[in-house]
Amino acid sequence: MAFFLEALLGGLMAGMLYSLVALGFVLIFKASGVFNFAQGAMVLFAALAMARFSEWIPIWLGIESRVLANVAAFVLAGALMWLVAWLIERLVLRHLVNQEGVTLLMATLGISYFLDGLGQTIFGSNIYPINVGMPKDPLILFEGTFDGGVLLNLEDIYAACVAALLVAALSLFFQKTATGRALRAVADDHQAAQSIGIPLNRIWVIVWFVAGITALVAGIIWGSKLGVQFSLTTVALRALPVVILGGLTSVPGAIIGGLIIGVGEKLSEVYLGPFVGGGIEIWFAYVLALVFLLFRPQGLFGEKIIDRV
């Protein structure tokens, strides 16, 4: 039972991180109706900014406190993601209002390659550490209930809690704020939203900035665990099955889809892996997403795309 709980809790914590990355896809899709191929590049770019700013700021300002350096680096990286969002709207999206979805899709692909190159030019192409003070020691729970207890990683627990708080904040933002309601209106119909006075350009800047902040938090978490390297863009690929499962138009779907896939990966690897030679964790999510594409392409909570056209 303890082994099962370890796998279950580990899957839930991994699922929260998947949900965090998947939220970036959902946010952009809700605002523009297009799948954002640049989300992985945004995670990498934001993580590079955080890693390098936390290294440079103590040199620039003579700050010795790691906490202050990290806070300043986060603020600067967040400001940089706002600038990226503003430039994307000003130079790309503004000229593509009411264009075909495939045009916007290709635009996000171009943005992805641009951010990859820009990040390497500005911040370098080595592997950079991010140290935000998350503990890496193991934690043993329920020692009195199970023999040996349940072993968990403290860093994973902290990361899952941060991801859960951000996901909850974003959910409230969409449901309870005027900007969130305006964003939902833009997602339903660009022209109708403009006709009632909703500034489409401002909404796009906001949603790309929010997606950039989620990318920054995801990049900090993954960078703290693995180091910031250019393979970090593949983290977005881990979130693709999440948005397919939960639905491209659903914020709750991104959360629940991430939890389902995180738990499914861990449990299938633990209990089915020994019978098939292992490696289930690598492809489980994609097979599950393929099944949903065949039988419920809109996902668990998403709308049928055909109904939106």
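As a convention, each chain's residues are numbered from 1 in the sequence order in which they are written. A pLDDT threshold of at least 70 governs which residues receive local features in this predicted model, and a stricter bar of 80 or more applies before side-chain atom pairs are shown or counted, although totals over entire chains, interfaces and linings include all residues. Calculation of side-chain values draws on the structure's entire complement of heavy atoms; hydrogens and water are dropped beforehand.

## Here we look at the overall build of the protein chain
Thinking step 1. Of the regular secondary structure elements, the protein chain holds 13 helices and 2 strands.
Thinking step 2. Against the compact-globule benchmark of 19 Å for 309 residues, the protein chain has a radius of gyration of 20 Å, which places it among compact chains.
Thinking step 3. Referenced to the eigenvectors of the C-alpha coordinate spread, the extents of the protein chain come out at roughly 65 × 60 × 35 Å.
Thinking step 4. To sort residues, take the accessible area from a 1.4 Å probe on protein chains only and compare it with the maximum for the residue type: under 20% means buried, over 50% means exposed, and anything in between is partly exposed. Taken across its 309 residues, the protein chain has 48% of its residues classed as buried.
Thinking step 5. Sequence-distant contacts, at least 24 apart, represent 74% of the contacts inside the protein chain between residues at least 6 apart.
Thinking step 6. For every accessible area listed, the method is Shrake-Rupley and the probe measures 1.4 Å; residues are considered covered only by the protein chains on display. For the protein chain, the computed accessible surface area is about 14600 Å², with 68% contributed by carbon and sulfur atoms. Going along the chain from the N terminus, every DSSP run of H or I of four or more residues is numbered as a helix, and every run of E of two or more is numbered as a strand. Taken over C-alpha atoms, the radius of gyration is set against a globule rule of 2.2 Å times the number of residues to the power 0.38. Should any heavy atoms of two residues lie within 4.5 Å, those residues are considered in contact.

## Considering the packing of helix α2 (residues 39–61) against helix α3 (residues 66–91)
Thinking step 1. Two elements in contact, α2 and α3, have axes separated by 8 Å at closest approach and are oriented at 140°. Looking at the two axes, α2 sits oblique to α3. Two packed elements cross with a definite hand, and for α2 against α3 that hand is right-handed. Across the interface between the two elements, Met42, Phe45, Ala46, Ala49, Met50, Phe53, Ser54, Ile57 and Pro58 from α2 touch Arg66, Ala69, Asn70, Ala72, Ala73, Phe74, Leu76, Ala77, Leu80, Met81 and Val84 from α3. Between N-to-C directions, angles cover 0 to 180 degrees, with each direction set by a line fitted to C-alpha atoms, over the stretch in contact for helices. Here roughly perpendicular refers to angles of 65 to 115 degrees, roughly parallel to angles under 35, roughly antiparallel to angles over 145, and oblique to all remaining angles. Crossing handedness is read from the near helix: turned anticlockwise from the far helix by less than a right angle, it gives a left-handed crossing, and turned clockwise, a right-handed one.

## Section: the packing of aromatic side chains
Thinking step 1. Ring pairs are drawn from Phe, Tyr and Trp, using the six-membered ring of Trp, whenever the two centres fall within 6.5 Å, and their geometry is named by plane angle: stacked under 30 degrees, edge-to-face over 60, tilted for the rest. According to the stated counting rule, one finds 6 aromatic pairs in the structure shown.
Thinking step 2. A centroid spacing of 6.2 Å and a plane angle of 70° characterise the contact between Phe53 and Trp56, whose relative ring orientation is edge-to-face. With Phe53 and Trp56 both in helix α2, this residue pair falls 3 residues apart, about one helical turn.
Thinking step 3. Overall, Phe53 belongs to the buried group, its relative accessible area being 11%.
Thinking step 4. An aromatic cluster is built from Phe45, Phe53, Trp56, Trp60 and Phe123, whose rings are joined through pairwise contacts.

## Examining the packing of helix α10 (residues 251–271) against helix α12 (residues 280–295)
Thinking step 1. Relative to each other, α10 and α12 sit at 135°, their axes nearing to 9 Å. As summarised for this structure, α10 and α12 are arranged oblique, according to the angle between their axes. The handedness of the crossing between α10 and α12 is right-handed. In contact with Ile260, Ile261, Gly264, Glu265, Lys266, Ser268 and Glu269 of α10, α12 contributes Ile280, Glu281, Phe284, Ala285 and Leu288.
Thinking step 2. A per-class count over the contact of α10 with α12 returns 6 nonpolar, 2 polar and 4 charged. By the convention adopted, Pro, Cys, Tyr, Trp, Phe, Met, Ile, Leu, Val and Ala count as nonpolar, Lys, Arg, Asp and Glu as charged, and the other residues, Gly among them, as polar.

## Observations concerning the nonpolar core
Thinking step 1. Working definition of a nonpolar core: buried Ala, Val, Leu, Ile, Met, Phe, Trp, Tyr and Cys residues. They are joined through side-chain atoms within 4.5 Å. Formed by 92 residues in total, the largest nonpolar core has its most connected members in Phe53, Val207, Trp208, Trp222 and Val228.
Thinking step 2. The residues contacting Trp222, other than those within four sequence positions of it, are Leu17, Tyr18, Val21, Gly227, Leu232 and Val235.

## A look at a nonpolar patch on the surface
Thinking step 1. A cluster of nonpolar side chains, Ile282, Trp283, Val287, Leu290, Val291, Leu293, Leu294 and Phe295, forms an exposed patch at the surface whose accessible area comes to about 850 Å².
Thinking step 2. With respect to the secondary-structure elements, Leu294 resides in helix α12.
Thinking step 3. By relative accessible area, Leu294 is classed as exposed at 62%. Within this analysis, patches are made of residues with over 30% relative accessible area and no salt bridge. Like charges are joined at 9 Å or less; nonpolar side chains (Val, Leu, Ile, Met, Phe, Trp, Tyr) at 5 Å or less. One side-chain nitrogen of Lys or Arg within 4 Å of one carboxyl oxygen of Asp or Glu is enough to make a salt bridge.

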